[in-house]
Amino acid sequence: MSDSGRDIHDIHDIMGLAPVIPVVTVEDPETAVPLARALVDGGVPTIEVTLRTPAALEALRRIAAEVPEIAIGAGTVLDPRQADRAVDAGAGFVVTPGLTPSLLRWIGEAEVPCLPGVSTVSQLMEALEQGITGLKFFPAEAAGGAPYLRAVGGPVPEVTFCPTGGITPSNASGYLALGNVACVGGSWLTPREVLAAGDFAEVTRRARETRQLAPTA
Ligand code: 3PG
């Protein structure tokens, strides 16, 4: 359960908060709080901080402590140890790029919502056997894109996806139009150069633009 104060019970609640889960790589922990506030100001109350930099855990701590209105997740979680560290730092949900047996066990016992990544139908079936019905589809564009997800929705309609990897403002609506896509993930709201320049107004502007990502027919 998230510490964020939001009414979040499972991963489907988080997937429904906004059309996009911003995937953010934080280099400088000083940027963590202003960028999280910038996303909230732009109407995107969710964030995935990737565990790819030394600043990531501190960023999670600061956002969890100072921006209670955002649902904060940890991304690029590769194993249960990293997942535990992220949750200890304040992550209210956990995102993984793939699924391993140890991560599947961790998810089964976890007290926080998880969004594990899959890219094949067999991985999807393994997840479903564990009762997991909200999945990241990663790397979305490289692994088959929207046509792949449309095809998977036939035999496995009960799974809802957050495609991530190669998503842009240009192709996001094509995913969001699918019945088995709740949201997309992407880094375009918080590019490295924008964060390095401290241009949080630009983050808010990009977040506001996601309102136009209404599903297309
Ligand atoms: C990543 O791997 O960093 C995330 O999946 C985001 O991918 P993107 O940079 O293509 O949006």
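Residues numbered from 1 in each chain as written. Predicted model: local features only at pLDDT ≥ 70, side-chain atom pairs only at ≥ 80, totals over all residues. Heavy atoms only, no water.

## What about unusual backbone geometry?
Across residues other than glycine, the phi torsion is negative in most instances, and most of the peptide bonds are trans. Cis peptide bonds are those with omega within 30 degrees of zero, and the linkage from F138 to P139 qualifies with -10°. Within the secondary structure layout, P139 lies in the loop between strand 7 (134-137) and helix 7 (145-152). (Helix = DSSP H or I, 4+ residues; strand = E, 2+ residues; numbered from the N terminus.)

## What about the packing of helix 2 (residues 32-41) against helix 10 (residues 200-209)?
Contact geometry for helix 2 and helix 10: axes closest at 7 Å, N-to-C directions at 35°. Crossing of helix 2 over helix 10 shows right-handed handedness. Where helix 2 approaches helix 10, its residues P34, L35, A38, L39 and D41 are matched on the opposing element by F200, V203, T204, A207 and R208. For the contact of helix 2 with helix 10, the residue count by class is seven nonpolar, one polar and two charged. (Axes fitted to C-alpha atoms, helices over the stretch in contact; angles between N-to-C directions. Left-handed = near helix turned anticlockwise from the far one by under 90°. Contact = heavy atoms within 4.5 Å. Nonpolar A, V, L, I, M, F, W, Y, C, P; charged D, E, K, R; others polar.)

## Things to note about the layout of surface pockets
Take a probe with the size of a water molecule and roll it over the atoms, and the empty space left behind shows itself. What the largest pocket holds in volume is close to 210 Å³. Lining the largest pocket are 14 residues; nearest its centre among them are D10, I11, I107, P113 and C114. Tallied by class, residues from the lining of the largest pocket come to eight nonpolar, four polar and two charged. (1 Å grid on protein atoms, 1.4 Å probe; cavity = no way out; pocket = protein on both sides within 12 Å on 5 of 7 lines; lining within 4 Å. Points joined across faces, edges and corners; volume = space filled by probe spheres on them.)

## Considerations on the site of the ligand
In the vicinity of the ligand, the contacting residues are V23, R52, F138, T164, G165, G166, G186 and S187. A distance of 2.9 Å separates an oxygen atom of the ligand from a polar atom in the side chain of R52. Protein burial of the ligand: of its 310 Å² of free accessible surface, 76% is covered by the chains. Split by residue class, the shell around the ligand holds two nonpolar, five polar and one charged. (Near = heavy atom within 4 Å. Polar contact = N/O pair within 3.5 Å; in protein donor to acceptor, adjacent residues only side chain to side chain. Areas by Shrake-Rupley, 256 points an atom, 1.4 Å probe, with all protein chains shown as cover.)

## A word on the side chain of T210
Its place among the elements puts T210 in the segment after helix 10. Looking at T210, the relative accessible area reads 3%, which means it is buried. When sequence neighbours within four positions are dropped, the list of residues in contact with T210 reads P19, V20, V44, W188 and L189. (Buried < 20%, exposed > 50% of the residue type's maximum accessible area, 1.4 Å probe, protein only.)

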